Amino acid sequence: MRVKAVIAYDGSAFLGFQKQKATKNTVTTAIEEALLSLGIDSPIRGSGRTDKGVHASNQVIDFELPIFWSDLEKLKWVLNQKLDGIYFKHVSLVENSFHARFSAKKRVYRYVFKTTTPSVFERNYISYYPKFDKELLQKSLQTFQGEHDFRYFIKTGSVTHTNIRTIYRVYYKNYKKYHFIYFEANGFLRSQVRMMIEFAMGVAQNRFTLREQIEQLNLKKRYSTKLAPPQGLYLARILY
């Protein structure tokens, strides 16, 4: 049986989602070891990878489940007892053709930050940017919307089949002392969201201009490869 699971995790507790040779401290390794302890010898497939320190509130994974694990609610409960920093929200049966990554139609990321220094309780989950121009931020974010070749907004050394992605929706909102940026797209390149946020905040703080952003987006000149801090970034939703 193939099952789909919606999970949340605290990215500050791991060195990223993807399995790595140099460390076992990844989300994937933690889940696969927990599954193996329950007689489930299956690799997991995620809807996308998140960097070290990046969180997920609704990451989607899938894996093969032996027929003796027919009680999915019990499976969810047991996994949540075993895992620290990872929480299984939903587990359901899916068609064998389902693939957490390739079946996904849209992905949504949320970025949270403050203009005052986050408290000791917030600093792993909320980023910090000092004073900025909200109107400039809105204009900068809208520039990313649409289909673009994002090769100048990808971490160097990344190998991809194509750098073209479509951003369907991007917007900023403010609630009390917290600021939120949302990106909804058909997919994202490695560290693309963090690089776009850092550039947009640079425009909003007059470190870059909209003209420079458009030039980088149009592959005319690369002005910055700096990444926004990971603490405030969440993989928020996967749409199928």
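About the criteria used
- Residues numbered from 1 in each chain as written.
- Predicted model: local features only at pLDDT ≥ 70, side-chain atom pairs only at ≥ 80, totals over all residues.
- Heavy atoms only, no water.
- Helix = DSSP H or I, 4+ residues; strand = E, 2+ residues; numbered from the N terminus.
- Rg over C-alpha atoms; globule rule 2.2 N^0.38 Å.
- Buried < 20%, exposed > 50% of the residue type's maximum accessible area, 1.4 Å probe, protein only.
- Contact = heavy atoms within 4.5 Å.
- Areas by Shrake-Rupley, 256 points an atom, 1.4 Å probe, with all protein chains shown as cover.
- Lys, Arg positive; Asp, Glu negative; His and termini not counted.
- Charge placed at Lys NZ, Arg CZ, Asp CG, Glu CD.
- Salt bridge = Lys/Arg side-chain N within 4 Å of Asp/Glu carboxyl O.
- Phe/Tyr/Trp six-rings, centres within 6.5 Å; stacked < 30°, edge-to-face > 60°.
- Lys NZ or Arg CZ within 6 Å of the ring centre and 35° of its normal.
- Polar contact = N/O pair within 3.5 Å; in protein donor to acceptor, adjacent residues only side chain to side chain.
- Patch = residues over 30% accessible without salt bridge, like charges linked within 9 Å, V, L, I, M, F, W, Y side chains within 5 Å.
- Core = buried A, V, L, I, M, F, W, Y, C linked by side-chain atoms within 4.5 Å.

**Student:** Is there a simple way to explain the overall build of the chain in this structure?
**Tutor:** Looking only at helices and strands, one finds five helices and 10 strands in the chain. In terms of overall size, the chain behaves like a compact globule, its C-alpha atoms giving a radius of gyration of 19 Å where 240 residues would be expected to give roughly 18 Å. Its C-alpha atoms give the chain principal-axis dimensions of about 60 × 40 × 35 Å. Residue burial in the chain is summarised as follows: out of 240 residues, 51% are buried. Within the chain, contacts between residues separated by at least 24 positions form 70% of all contacts whose residues are at least 6 apart in sequence. Element-wise, carbon and sulfur atoms account for 50% of the exposed surface of the chain, whose accessible area totals about 12300 Å². Computed over 38 positive and 20 negative side-chain charges, the separation of the two mean positions in the chain equals 4 Å.

**Student:** What is the right way to read the pattern of salt bridges from this model?
**Tutor:** Opposite charge on two side chains permits pairing when their charged atoms draw close. Counted by the stated rule, this structure contains 13 salt bridges. Here K76 ties to E73 by a salt bridge, and the two come within 3.6 Å at their closest N and O atoms. You can see K76 and its partner E73 sitting in helix 2 (residues 72-82), three residues apart, about one turn around the helix. A salt bridge links E184 to K106; its shortest N-O distance comes to 3.5 Å. With a gap of 78 residues between them, E184 in strand 9 (residues 178-185) and K106 in strand 5 (residues 106-114) connect regions that are remote in the sequence.

**Student:** Could you clarify how one ought to interpret the environment of R190 in this entry?
**Tutor:** Along the chain, the position of R190 falls in the loop between strand 9 and helix 4 (192-204). For R190, a relative accessible area of 44% puts it in the partly exposed group. Note: C-alpha distance between R190 and Q18 (172 residues apart in sequence) is 12 Å.

**Student:** Where do I start with the packing of aromatic side chains in this structure?
**Tutor:** The final tally for this structure, using the stated rule, is 13 aromatic pairs. Between F199 and F208, the aromatic rings sit 4.4 Å apart at their centres with planes inclined by 20°, giving stacked as the arrangement. Here F199 matches F208 in class, with each residue buried. Sitting over the ring of Y168, K106 keeps its end group 4.9 Å from the ring centre. We note R110 situated over the ring of Y234; from NZ or CZ to the ring centre the distance is 5.0 Å.

**Student:** I would appreciate a short explanation of the side chain of Q216 in the present structure.
**Tutor:** By the secondary structure assignment, Q216 is in helix 5 (residues 210-217). Q216 gets classed as buried once you look at its relative accessible area, which sits at 0%. Here Q216 is in contact with Y152, F153, F199, K221, R222, Y223 and S224, once residues within four sequence places are set aside.

**Student:** So what exactly am I meant to see when it comes to helix 2 here?
**Tutor:** Since the α-helix packs 3.6 residues into each turn, any two residues three or four apart lie on the same face. The complete set of buried residues in helix 2 reads L72, L75, K76, V78, L79 and N80. Against strand 1 (2-9), helix 1 (27-36) and strand 4 (86-94) lie the buried residues of helix 2. Among the residues of helix 2, the N-terminal cap falls to D71, whose side-chain oxygen and the backbone nitrogen of E73 are separated by 3.3 Å.

**Student:** Before we go on, may I ask you to explain a nonpolar patch on the surface in this structure?
**Tutor:** Taken together, the side chains of M1, I67 and L93 present a nonpolar region at the surface, about 320 Å² in accessible area. Owing to a relative accessible area of 71%, I67 belongs among the exposed residues under this scheme.

**Student:** It is not clear to me how unusual backbone geometry should be interpreted in this structure. Could you clarify?
**Tutor:** Peptide bonds are mostly trans, and most non-glycine residues show a negative phi. A positive phi angle, near 55°, is found at K176, a position not held by glycine. Here K176 is to be found in the loop between strand 8 (164-175) and strand 9. Its identity is not glycine, yet S191 carries a phi of approximately 60°, on the positive side. Within the secondary structure, S191 sits in the loop between strand 9 and helix 4.

**Student:** In this structure, what is going on with the nonpolar core? I would like to understand it.
**Tutor:** Generally speaking, nonpolar side chains in soluble globular proteins are found buried as a group. Core analysis: the largest hydrophobic core is formed by 66 residues, its most contacted members being I31, F63, F88, I181 and F183. Ranked by residue count, the leading element in this core is helix 4, at nine residues. Excluding residues that lie within four positions of it along the chain, F63 makes contacts with M1, R2, V3, A5, L35, I40, S42, P43, I44 and F88. Listed in part, the seven residues of the second largest apolar core include V108, I126, F180 and Y234.

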